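# Architecture and fold: a report
If you want the building blocks of each chain, they are given just below.
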Amino acid sequence: MKKLRVAILGQGRSGRDIHGRYFQSDAGKEKYEVAVIVEPREERRVRAAEEFGCEILSDYRQLFGRTDIDLVINSTTSEQHHPVTVDLLNHGFNVVCEKPASHTVAELDEMIDTAKKNGKYMNIFQQSRFAPFFLKIKEVINSGVLGDIIDISVEYGGFSRRWDWQTILCYNAGNLYNTAPHPMDQVLSLLDAYDEKPTVLARLYNANTFGDAEDFAKVVISIPGKPFATVMATCSDAYMTDTYKIQGTRGTLVSTQAIVKWKYFKESEAPEQKLQATPIVRADGTPAYCSEQLTWYEEECNVNASGAFTTAVHSYYNMTYDALVNGKDTEIKPEQVRQQIAIYEEVRRQNPHIAKKYELSDFAE
């Protein structure tokens with residue numbers, strides 16, 4: 001089996017603990033080989049040399065001119081995703097870019113156009129679409145037992161105070177661009193109306209963050225003919241776990257990343273009812289509430305929560321391998337992520353009170 005030679009840009013939580021960990025796993029080693037680690041920080045380069053035993057560089061531009069790298073993973077800080085990806089594509093590399101893809105639609109369009117112009121592969125690391133719990137959610141919805149879906153509500157987060165670079169807007173950070181891309185990508189996949197421009201209503205709030213970025217984001221999405229959808233990414237809910245709630249005309253689904261539950265009735269078994277405009281009464285003639293006895297069915301599925309992240313990453317890189325080696329189409333496409341970035345731009349427009357207080361130069365080392 002052909003192994004793809006990979007260069008990983010960055011040895012932070014993403015480059016080292018997500019991508020690097022996967023490529024060092026038995027599953028990753030079947031199809032990929034880490035050939036180069038690029039890291040500007042010296043202490044991280046020393047650690048990477050020990051952990052990966054591969055070539056170590058300090059600047060991604062040192063890759064230019066090479067033809068022995070099949071794929072570059074852009075896991076730099078978020079504000080670098082767009083310019084570094086475009087630069088890599090223009091120098092002949094295939095690229096997987098971490099989320100968020102970009103800050104604006106114009107930037108993402110440039111990334112997409114540059115990949116096409118150079119005949120290179122470019123995709124965004126939206127691996128959560130392959131999470132086991134989400135695949136089960138889609139399976140239940142597609143089975144039809146819930147009837148027509150009318151509302152989708154997703155909440156991600158919990159309670160935390162943060163003071164790292166992911167709280168600073170000039171790094172393209174904040175809950176909207178940092179946490180929301182996973183549930184937002186899932187919700188937009190369920191809506192499956194990527195060519196539509198959704199109506200958006202949103203609220204951002206800076207609650208317990210030490211930076212200038214929001215740590216609370218709630219986004220309501222409306223597309224004609226599609227379910228109403230709400231995505232919340234928050235650091236202000238001490239009772240919350242990551243949850244889904246999906247309401248349909250015949251039932252409801254609730255889910256965490258560990259357990260998917262759904263409750264529904266069968267229309268064929270429901271009592272026959274006829275619309276009436278006269279008051280409903282009991283047998284003795286006294287007023288009664290409009291009610292009936294339905295036979296409810298409840299099902300539950302325990303999914304692999306502990307391995308959910310690893311499973312999703314594995315599926316994503318299987319998809320990438322098949323695209324690069326076997327020429328197969330990909331389930332996740334940059335053009336789909338474009339809708340997500342367009343929503344974020346509108347959210348920012350609606351919330352001008354969340355504004356930059358710092359510039360990158362303020363944090364120069």
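Note that the structure is predicted; figures quoted are calculated from it, not measured. (Residues numbered from 1 in each chain as written. Predicted model: local features only at pLDDT ≥ 70, side-chain atom pairs only at ≥ 80, totals over all residues. Heavy atoms only, no water.)

## A word on the overall build of the protein
Counting secondary structure elements, the protein contains 10 helices and 14 strands. Across the 365 residues in the protein, those meeting the buried criterion constitute 48%. The long-range fraction of contacts in the protein, counting pairs at least 24 apart against all pairs at least 6 apart in sequence, stands at 73%. Surface exposure of the protein reaches about 18200 Å², of which carbon and sulfur atoms provide 48%. Within the protein, one finds 41 positive and 51 negative side-chain charges whose respective centroids are separated by 1 Å. (Helix = DSSP H or I, 4+ residues; strand = E, 2+ residues; numbered from the N terminus. Buried < 20%, exposed > 50% of the residue type's maximum accessible area, 1.4 Å probe, protein only. Contact = heavy atoms within 4.5 Å. Areas by Shrake-Rupley, 256 points an atom, 1.4 Å probe, with all protein chains shown as cover. Lys, Arg positive; Asp, Glu negative; His and termini not counted. Charge placed at Lys NZ, Arg CZ, Asp CG, Glu CD.)

## Section: the sheet that holds strand S10 (residues 228-234)
Read across the open sheet, the 8 strands follow the order S8-S9-S10-S7-S11-S12-S13-S14; overall the sheet is mixed. Looking at which strands have only one partner, the edges of the open sheet turn out to be strand S8 (199-205) and strand S14 (296-302). The mean inter-strand angle of the sheet, taken between neighbouring strand axes irrespective of direction, is 10 degrees. Where strand S7 (residues 149-157) meets S10, 7 bridges bridge the pair, whose relative direction is parallel. Considered in S10, the bridge of Ser153 is made with Thr230. Its contacts with the sheet place helix H10 (residues 334-350) against S8 and strand S9 (216-222), and it is angled at close to 60 degrees to S8. (Pairing = 2+ DSSP bridges. Axes fitted to C-alpha atoms, helices over the stretch in contact; angles between N-to-C directions.)

## Here we look at H10
With 17 residues, H10 ought to run about 24 Å at 1.5 Å a step, and its terminal C-alpha atoms sit 25 Å apart, in line with that. Considered for burial, the residues of H10 that qualify are Pro334, Gln336, Val337, Gln339, Gln340, Ile341, Ile343, Tyr344, Val347 and Arg348. For H10, the elements touching its buried residues are helix H5 (105-118), strand S6 (122-124), helix H7 (175-178), helix H8 (181-191), S8 and S9. (Expected span 1.5 Å × (residues − 1).)

## A look at the packing of aromatic side chains
Working definition: an aromatic ring pair is given by the centre-to-centre distance plus the angle between the planes. Overall, the coordinates contain 19 aromatic pairs when judged by the stated rule. On the basis of an interplanar angle of 75 degrees and a centroid distance of 6.0 Å, the ring pair of Tyr32 and Tyr321 is categorised as edge-to-face. One end of the pair, Tyr32, is in strand S2 (residues 32-38); the other, Tyr321, is in helix H9 (residues 308-326), with 289 residues separating them in the sequence. Of the two residues, Tyr32 and Tyr321, both sit in the buried class. Taking the centre distance of 6.0 Å and the plane angle of 50 degrees together, the rings of Tyr171 and Phe363 count as tilted. You can see Tyr171 sitting in the loop between S7 and H7 and its partner Phe363 sitting in the segment after H10, a full 192 residues away along the chain. Pairwise contacts between aromatic rings join Tyr22, Phe23, Tyr32, Phe125, Tyr316, Tyr317 and Tyr321 into one cluster. (Phe/Tyr/Trp six-rings, centres within 6.5 Å; stacked < 30°, edge-to-face > 60°.)

## Focus on the pattern of salt bridges
According to the stated counting rule, one finds 18 salt bridges in the structure shown. Residue Asp109 is joined to Arg338 by a salt bridge in which the shortest nitrogen-to-oxygen separation is 2.7 Å. Placement of Asp109 in helix H5 and of Arg338 in helix H10 is noted, with a sequence separation of 229 residues between them. Across the pair Lys116 and Glu335 runs a salt bridge whose closest N-O atoms are separated by 3.7 Å. On the criterion of sequence distance, the pair formed by Lys116 in helix H5 and Glu335 in helix H10 is long-range, its members being 219 residues apart. Residue class for Glu335 comes out partly exposed when judged on its relative accessible area of 36%. (Salt bridge = Lys/Arg side-chain N within 4 Å of Asp/Glu carboxyl O.)

## Here we look at the environment of Asp70
Along the chain, Asp70 turns up in the loop between strand S3 (55-57) and strand S4 (71-74). Note on Asp70: relative accessible area 22%, which makes it partly exposed. The spacing of Asp70 and Asn94 is 24 residues in sequence and 6.6 Å in space, taken between C-alpha atoms. Residues contacting Asp70, with those up to four places away along its chain left out, are Lys2, Lys3, Leu4, Arg5, Asn94 and Leu324.

## Some thoughts on empty space enclosed by the protein
Taking a probe equal in size to a water molecule and rolling it over the atoms shows the remaining empty space. As enumerated under the stated definition, the model contains 1 cavity of 30 Å³ or more in all. Considering the residues around the largest cavity, the lining is formed by Arg162, Gln166, Thr167, Gly174, Asn175, Asn178, Thr209, Glu214, Asp215 and Cys235. Partitioning the lining of the largest cavity into residue classes produces 1 nonpolar, 6 polar and 3 charged. (1 Å grid on protein atoms, 1.4 Å probe; cavity = no way out; pocket = protein on both sides within 12 Å on 5 of 7 lines; lining within 4 Å. Points joined across faces, edges and corners; volume = space filled by probe spheres on them. Nonpolar A, V, L, I, M, F, W, Y, C, P; charged D, E, K, R; others polar.)

## A short note on the sheet that holds S4
Across the sheet, 6 strands lie side by side as S3-S2-S1-S4-S5-S6; this open sheet has parallel pairing. Strand pairing shows two members of the sheet lacking a second neighbour, S3 and S6, which therefore form its edges. With direction set aside, neighbouring strand axes in the sheet form an average angle of 25 degrees. As judged from the 3 bridges shared by strand S5 (residues 95-97) and S6, these two strands associate in the parallel manner. Looking at S6, one finds that Cys97 is bridged to Ile124. Together, S2 and S3 form the strand contacts of helix H3 (residues 42-52), whose direction differs from that of S3 by roughly 165 degrees. The sheet contacts of helix H4 (residues 81-90) involve strand S1 (4-9), S4, S5 and S6, and relative to S5 the element is tilted by about 175 degrees.

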